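Architecture and fold: a report
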Amino acid sequence: MRGKLVVGNWKMHGNLATNMALLQAVRDGAVELRSGAALCVPYPYLAQARSVLEGSNVAWGAQDVSEHDSGAWTGEVSGAMLADFGCRYVIVGHSERRSFFGDSDAVTAAKFLAARRAGLTPILCVGETLEEREAGITGDIVTRQIDAVLSASGMAAFADAVVAYEPVWAIGTGRTASPAQAQEVHAMIRTRFSDESAVIGSQLRILYGGSVKPGNAAEIFAQPDIDGGLIGGASLVAADFLAICAAA
Ligand code: 13P
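These remarks concern the structure in this document.

Conventions and cut-offs
- Residues numbered from 1 in each chain as written.
- Predicted model: local features only at pLDDT ≥ 70, side-chain atom pairs only at ≥ 80, totals over all residues.
- Heavy atoms only, no water.
- Helix = DSSP H or I, 4+ residues; strand = E, 2+ residues; numbered from the N terminus.
- Rg over C-alpha atoms; globule rule 2.2 N^0.38 Å.
- Buried < 20%, exposed > 50% of the residue type's maximum accessible area, 1.4 Å probe, protein only.
- Contact = heavy atoms within 4.5 Å.
- Areas by Shrake-Rupley, 256 points an atom, 1.4 Å probe, with all protein chains shown as cover.
- Lys, Arg positive; Asp, Glu negative; His and termini not counted.
- Charge placed at Lys NZ, Arg CZ, Asp CG, Glu CD.
- Salt bridge = Lys/Arg side-chain N within 4 Å of Asp/Glu carboxyl O.
- Axes fitted to C-alpha atoms, helices over the stretch in contact; angles between N-to-C directions.
- Parallel < 35°, antiparallel > 145°, perpendicular 65-115°, else oblique.
- Left-handed = near helix turned anticlockwise from the far one by under 90°.
- Core = buried A, V, L, I, M, F, W, Y, C linked by side-chain atoms within 4.5 Å.
- Near = heavy atom within 4 Å.
- Polar contact = N/O pair within 3.5 Å; in protein donor to acceptor, adjacent residues only side chain to side chain.
- Nonpolar A, V, L, I, M, F, W, Y, C, P; charged D, E, K, R; others polar.
- Expected span 1.5 Å × (residues − 1).
- Disulfide = S-S within 2.5 Å.
- Phe/Tyr/Trp six-rings, centres within 6.5 Å; stacked < 30°, edge-to-face > 60°.

1. Notes on the overall build of the chain
Looking only at helices and strands, the chain has 11 helices and eight strands in total. Its C-alpha radius of gyration of 17 Å places the chain within 12% of the 18 Å reference for a compact globule of 248 residues. A principal-axis box enclosing the C-alpha atoms of the chain has dimensions of 45 × 45 × 35 Å. Every one of the 248 residues in the chain was classed for burial, and the buried ones make up 51%. Restricting to contacts in the chain with at least 6 residues of sequence separation, those with at least 24 account for 72%. With an accessible surface of roughly 10600 Å², the chain has 54% of that area assigned to carbon and sulfur atoms. For the chain, the distance from the average position of its 19 positive side-chain charges to the average position of its 26 negative side-chain charges is 4 Å.

If you want it as structure tokens, here you go:
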């Protein structure tokens, strides 16, 4: 059985004071959770996340990682540095990285590999734009995004990795994919993996992301191939994030 996992992506929000209240509330509220939970915080707050979450039910991670392991790469943060701060997870290929920072499929694949080299669990984000959905090429786009990583990493690198399907048109818009729309893409993603490795395909955790809220989480998470969520806005409110975790 795949366990459910709910990951918060704070994006570029917070400060020491607001984070402290949020981290403590999530840590304390997570005591009774049966799903896995994690928070991906901005780099400067990783030490704070560790200090509050260590020993709790809530893991932590980062929102990006350098494709390089060390060297003259001003402004970059390596996988080993994230591991040094106790990160378990790192998001790679988020649509905001892809569209605003030029993270191509190839760069995303390199970041996925860098995460694996550092012993981190990558959360590989994939998803189509509204234009692509309306053109009927959602499957092609998502397959291309996955295959770019698979061809660089090989199937074995996906053992215990996480994939997040985040339709770009549903991120921060209040528009969610319907449970059936999301399930259709999740099933396709799982089949892509199962075709090559039944074991990895059946164990792969595929999260849904895009305007998940306490009010719609249970219905989305009830779909057979949806193993939890990647939560943006609602992860900034402890009660909402915990309610979403409870729905998983
Ligand atoms: P929202 O939950 O705010 O739509 O963000 C989704 C997301 O991008 C998580 O990575």
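2. Here we look at the pattern of salt bridges
Summed over all chains, the structure comprises 16 salt bridges. The closest approach of N and O atoms between Asp147 and Arg192, which form a salt bridge, is 2.6 Å. Pair noted here: Asp147 is in helix α7 (residues 138-153) and Arg192 is in helix α8 (residues 179-194), with a separation of 45 residues, a long-range link. Linking Arg190 and Asp225 is a salt bridge whose minimum nitrogen-to-oxygen distance equals 2.6 Å. Residue Arg190 is found in helix α8, and its partner Asp225 is found in the loop between α10 (214-221) and β8 (228-231); the two are separated by 35 residues along the sequence. Both residues of the pair, Arg190 and Asp225, count as buried. By sharing partners, the salt bridges in this structure join Arg2, Arg190, Asp225 and Asp227 into a single network.

3. Regarding the packing of helix α5 (residues 105-117) against α7
Between α5 and α7, whose axes approach to 9 Å, the crossing angle comes to 50°. By the angle class used here, α5 and α7 are oblique. Here the hand of the crossing between α5 and α7 comes out right-handed. Residue-level contacts link Asp105, Ala109, Phe112 and Leu113 of α5 to Arg144, Gln145, Ala148, Val149, Ala152 and Ser153 of α7.

4. Let's talk about the nonpolar core
Counting residues in hydrophobic clusters, the biggest one holds 63 residues, and the most contacted among them are Leu39, Leu82, Phe158, Ile189, Phe193 and Tyr208. A total of five residues in this core trace back to one element, the largest contributor, which is helix α11 (residues 238-247). Excluding residues within four positions of it along the chain, Leu39 makes contact with Gly8, Trp10, Leu23, Val26, Leu53, Val58, Ala59, Trp60, Gly61 and Phe241. With 13 residues, the next largest nonpolar core counts Val7, Ala38, Cys125 and Leu207 among its residues.

5. A few points about the site of the ligand
By nearness alone, every residue bordering the ligand is listed as Asn9, Lys11, His94, Glu166, Ala170, Ile171, Gly172, Gly210, Ser211, Leu230, Gly232 and Gly233. Between His94 and the ligand, the recorded distance is 2.8 Å, taken from a side-chain N or O atom to an oxygen atom. The fraction of the free accessible surface of the ligand (310 Å²) that becomes covered by protein chains is 97%. Residues belonging to the shell around the ligand are distributed by class as follows: three nonpolar, seven polar and two charged.

6. Focus on helix α1 (residues 16-29)
Here α1 contains 14 residues, and its C-alpha end-to-end distance of 20 Å stays within 8% of the 20 Å for a straight helix at 1.5 Å per residue. Put simply, Asn15 is the residue that caps the front of α1, since its side-chain oxygen is 3.0 Å from the backbone nitrogen of Ala17.

7. Observations regarding α8
The end-to-end C-alpha distance of α8, which contains 16 residues, comes to 22 Å, matching closely the 22 Å that a straight helix rising 1.5 Å per residue would cover. Buried within α8 are the following residues: Pro179, Ala182, Gln183, Val185, His186, Ile189, Arg190 and Phe193.

8. Regarding the state of the cysteines
If you walk through the whole model with that rule in mind, you get zero disulfides. Counting only cysteine sulfurs, Cys40 is the nearest neighbor of Cys125, a cysteine outside any disulfide, at a range of 9.1 Å. Here Cys245 is not cross-linked by a disulfide; its sulfur's nearest cysteine counterpart is in Cys40, at 12 Å.

9. A closer look at the packing of aromatic side chains
This structure, assessed with the given rule, holds three aromatic pairs. Taken together, the ring pairs in this structure connect Phe112, Phe158 and Phe193 into an aromatic cluster.

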